[in-house]
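Spelled out from the first residue to the last, the chains are:
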Amino acid sequence: IEDFGPISGSEPPRKKQKQDPKSDQQYSSFVAICGAKGKLRIFDYVSSKQVWSDADPEVLTETSVLQFISVEQIVDVEKPGKDEDVNFSIVATTGDYDIFVYNVEAKSHPTSAQVPKISKTRTIVGYNDEIVDVKWADNQNTLVVAANSEKIRLFRDVVQGNEFGHWEKSETLMGHTAVVLSIDVSKDGKFLVSSSKDNSVRVWYLDAKKGGQKEAKCIGVFTGHTQSVATVAFSRKCDFVKLLKDKVRTQKPNAFVVSGSQDNTIKIWDLSVLDLDSPPQEIKSSILTTKAHDKEINSVAISPNDALIATGSQDRLIKIWDRQTLKLVATLKGHKRGIWSVEFSPVDKCLVSASADRTIKIWSLSDFSCIRTFEGHTASVLRASFLSAGTQVLSCSADSVVKLWNVKTNECANSFEGHEDKIWGLAIRNDGEHFVTAGEDSIINIWQDVTSQILLDQENAREQRIIQEQELSNCLKMKQYERAIFLALRLNQPNRIRVIFLALRLNQPNRIRV
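Residues numbered from 1 in each chain as written. Predicted model: local features only at pLDDT ≥ 70, side-chain atom pairs only at ≥ 80, totals over all residues. Heavy atoms only, no water.

Participant: Lay out the sheet that holds strand β25 (residues 308-313) in plain terms, naming residues and giving numbers.
Facilitator: Spatially, four strands are ordered β24-β25-β26-β27 in an open sheet, and the strand pairing comes out antiparallel. In the strand order of this sheet, the two ends are held by β24 (297-302) and β27 (328-332), each with one partner. Sheet twist, expressed as the mean angle between neighbouring strand axes with direction ignored, is 20°. As judged from the five bridges shared by β25 and strand β26 (residues 318-322), these two strands associate in the antiparallel manner. Note on β26: the bridge partner recorded for Thr311 is Lys319. (Pairing = 2+ DSSP bridges. Helix = DSSP H or I, 4+ residues; strand = E, 2+ residues; numbered from the N terminus. Axes fitted to C-alpha atoms, helices over the stretch in contact; angles between N-to-C directions.)

Below is the structure:
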């Protein structure tokens, strides 16, 4: 036990408990206790029975009470005849620096039957360790972060739209029992899939409601891999909410998740067997399984039409699979070291890959040949994604640099520095104007495409220069030399200034003073 404190009634009695003179009923005291097992628990002090517990029994993270705002600060407990409804808060902190705020509704002098109502009202994420993956979710206003922990962090932006920086709502998803390695979000942003070193895959519904507020919940657990599940991907076409609410069952489901593991296999899991309104179901058998590579699989991707699956492995190979049968369609060879990332183009029949050989390659899905190779990073390239409808590629690397590549010219258009270590996470927002990066330095950076604003500023500056040059010419014609000198200085035209002084010397010599 790390800490405890009274939450309702008088302090734990050291002497005989007071009773209401108008009643023979014994008053109770309720005590909150928390400790190394990560459980905030409420006990009835009189009966010594646990009456409430918050923690998921699968999750064991150290928790301690940071602050109690106790009932004694609100009501006069020395007047047992006066029973009042009181509200107050408990603030608890975990060993990994998350802070939980609980609201308590209680009676000032409760009986054993009047158990306080306790609900978690807020989560404050205090620290991110090394960040291994990041995704946009929930109408692109929520960041989902996997950060070298068994917990998944959700940061919800309270301002809808393109104005960022109002991350006032945060949430932690607990269920995995080992470090989460990969996450992916459904196309509608309402579902999340995660994979972990605990050999499992979990599916989360991010749009669930509790007490009128959004609160994510786990709806399914897929078990079957024999080693860590390093990567997962959602199918791209299906309306998951409609499917799960209608409880549609199909022989060849169009709602599925693909997982790739360090056991060298990939598995396809059926999502239609899950239920939004039921407790999490454990599914032990996948639809299809195949041994995909000779070494661990680092990345899986699903094509926009759900027809193909791509895998990238430490064996330096990229493989393309038929989704319906998991039969091998093609093997792409060309990288000299392991593959860290693969992704399909959203519009063209091609695939981008990132490798530890410091290169990014684009592959044609028509003849499975390499059509572009980008070189410029000085360390392993860890992520690569298409941008601007497939005309550009973003890449991030272990050299802590983000690069933007032009597919048509095969050139690096720009480089961005904002990290101090390896960049593991890269996610592009649907508007195409923002993307997020995160990495080993525990930093999350949100980037905005300001190209249009720069072009607009340049056009405005050009127009302003034309106006000033025309005004300068008019001033010279009208022999307004003072104004002409001022404009020539602003336009950075020293030779023009010399001409003006010569004209001033010839026409108005008396106005020149040394």
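Participant: Describe helix α2 (residues 451-477), naming the residues involved and giving the relevant values.
Facilitator: Between its first and last C-alpha atoms α2 spans 39 Å; for 27 residues at 1.5 Å apiece the expected length is 39 Å, and the two agree. Looking only at α2, the buried set comprises Gln468, Leu472 and Cys475. For α2, the elements touching its buried residues are α3 (481-490) and α4 (494-507). Downstream of α2 by one or two residues, Lys479 has phi in the positive range, about 55°. (Expected span 1.5 Å × (residues − 1). Buried < 20%, exposed > 50% of the residue type's maximum accessible area, 1.4 Å probe, protein only. Contact = heavy atoms within 4.5 Å.)

Participant: Now, about the pattern of salt bridges: what can you tell me, with residues and values included?
Facilitator: Under the criterion given, the structure shown has nine salt bridges. One salt bridge in this structure joins Arg236 and Asp184, with 3.6 Å as the shortest N-O distance. Placement of the pair is Arg236 in the loop between β19 (229-234) and α1 (240-246) and Asp184 in strand β13 (residues 180-185), with a sequence separation of 52 residues. Accessibility expressed as a relative area gives 23% for Arg236, which makes it partly exposed. The exposure class of Asp184 is buried, given its relative accessible area of 11%. Across the salt bridge formed by Lys291 and Asp294, the nearest N and O atoms sit 3.2 Å from each other. What makes Lys291 exposed here is its relative accessible area of 52%. (Salt bridge = Lys/Arg side-chain N within 4 Å of Asp/Glu carboxyl O.)

Participant: Residues and numbers for the pairing of strand β11 (residues 152-156), please.
Facilitator: Within β11, five of the five residues are buried, which leaves it mostly tucked inside the rest of the structure. In terms of strand pairing, strand β10 (residues 142-146) meets β11 through five bridges, oriented antiparallel. Following the sheet pairing, Val144 is matched in β11 by Leu154. Count of turn residues in the β10/β11 antiparallel hairpin: five residues, of which Asn148 carries a positive phi of about 50°.

From the geometry alone we can't say anything about function, so treat these as descriptive.
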